[in-house]
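# Observations on the model geometry
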Amino acid sequence: MVNISYLFDPLCGWCYGAAPALRRISAMPGVTLALAPSGLFSGAGSRPLDAGFAAYAWSCDQRIAQLTGQRFTERYRTRVLADTGARVDSGPATLALTAVHLSAPEHELAALHAIQEARYVDGRTITDPTVLADVLRGLDLDAAATRLLHPDDALLAANRSRMERTQRDMQALGAQGVPHLIVDDASGRRLVRGNVLVGDLEGLAANLLSN
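Residues numbered from 1 in each chain as written. Predicted model: local features only at pLDDT ≥ 70, side-chain atom pairs only at ≥ 80, totals over all residues. Heavy atoms only, no water.

### Comments concerning helix H6 (residues 108–120)
Because an α-helix packs 3.6 residues into every turn, residues spaced three or four apart end up facing the same way. Taking 1.5 Å of rise per residue, 13 residues should cover 18 Å, and H6 covers 18 Å from first to last C-alpha, within 8% of that figure. Among the 13 residues of H6, eleven are classified as buried, and the element is accordingly described as predominantly covered. For H6, the set of buried residues is Glu108, Leu109, Ala111, Leu112, His113, Ala114, Ile115, Gln116, Ala118, Arg119 and Tyr120. (Helix = DSSP H or I, 4+ residues; strand = E, 2+ residues; numbered from the N terminus. Expected span 1.5 Å × (residues − 1). Buried < 20%, exposed > 50% of the residue type's maximum accessible area, 1.4 Å probe, protein only.)

Below, the structure is given as structure tokens:
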């Protein structure tokens, strides 16, 4: 058995670009995939969305689209990136995923992809808990949606614990930024850099299962 942890942030464009690779990994026999939110753009990592950041993000997004085939629509550009003064804050989306993790963990990857597509394809504001709850309900994850809108201490503690664990793992393995993978198999634990997630997917299994 190979256990793989996916280090990511819901507002990371490169993490959205990695979605096709994540789908492939999740379908590999003998592999378990766990989501490990890093909190990159939450808490102290959140920031205002200004014109400079929006231009930089759109430039990166075009590069990601070329490498992965993932869609970044004009609706996203005009509705999300044009909303200067809003905050780049992944805290609500990370909390939504933790709510799924606690209530229906087998659907967490699907929830992540749906949240990402809500932003990058549909141009929705995934920093808004009501939008996130609507996305979750669209996946029949009503319990997670309700818990997101009325977070209790257990949900908040679990969310904090997941990010702290990921940050410890990143520090221990020398990972900076996201996305990356941590592979844990019979040979031990190792970091696999995120470039394998946006390159040639045909060699993905060889990169992950080589040891």
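### What about the packing of aromatic side chains?
On inspection of all chains with the given rule, the structure shows seven aromatic pairs. Relative to Tyr120, the ring of Tyr16 has its centre 4.6 Å away and its plane inclined at 20°; by these criteria the two rings are stacked. Of this pair, Tyr16 sits in helix H1 (residues 13–17) while Tyr120 is found in helix H6, placing the two residues 104 residues apart along the sequence. Judged by centre distance (5.0 Å) and plane angle (65°), the rings of Tyr76 and Tyr120 are edge-to-face. Linking Tyr76 in helix H4 (residues 74–81) with Tyr120 in helix H6, this pair joins segments that are 44 residues apart in sequence. Grouping residues by exposure puts Tyr76 and Tyr120 together as buried. Taken together, the ring pairs connect Tyr16, Trp58, Phe72, Tyr76 and Tyr120 into an aromatic cluster. (Phe/Tyr/Trp six-rings, centres within 6.5 Å; stacked < 30°, edge-to-face > 60°.)

### A look at unusual backbone geometry
For the bond running from Val178 to Pro179, omega is 5°, close enough to zero to count as cis. When you line up the elements, Pro179 lands in the loop between helix H9 (153–173) and strand E5 (180–185). Phi angles above zero are rare outside glycine, and Asp140 is one such case at about 65°. Residue position: Asp140 is located in the loop between helix H7 (129–138) and helix H8 (142–149).

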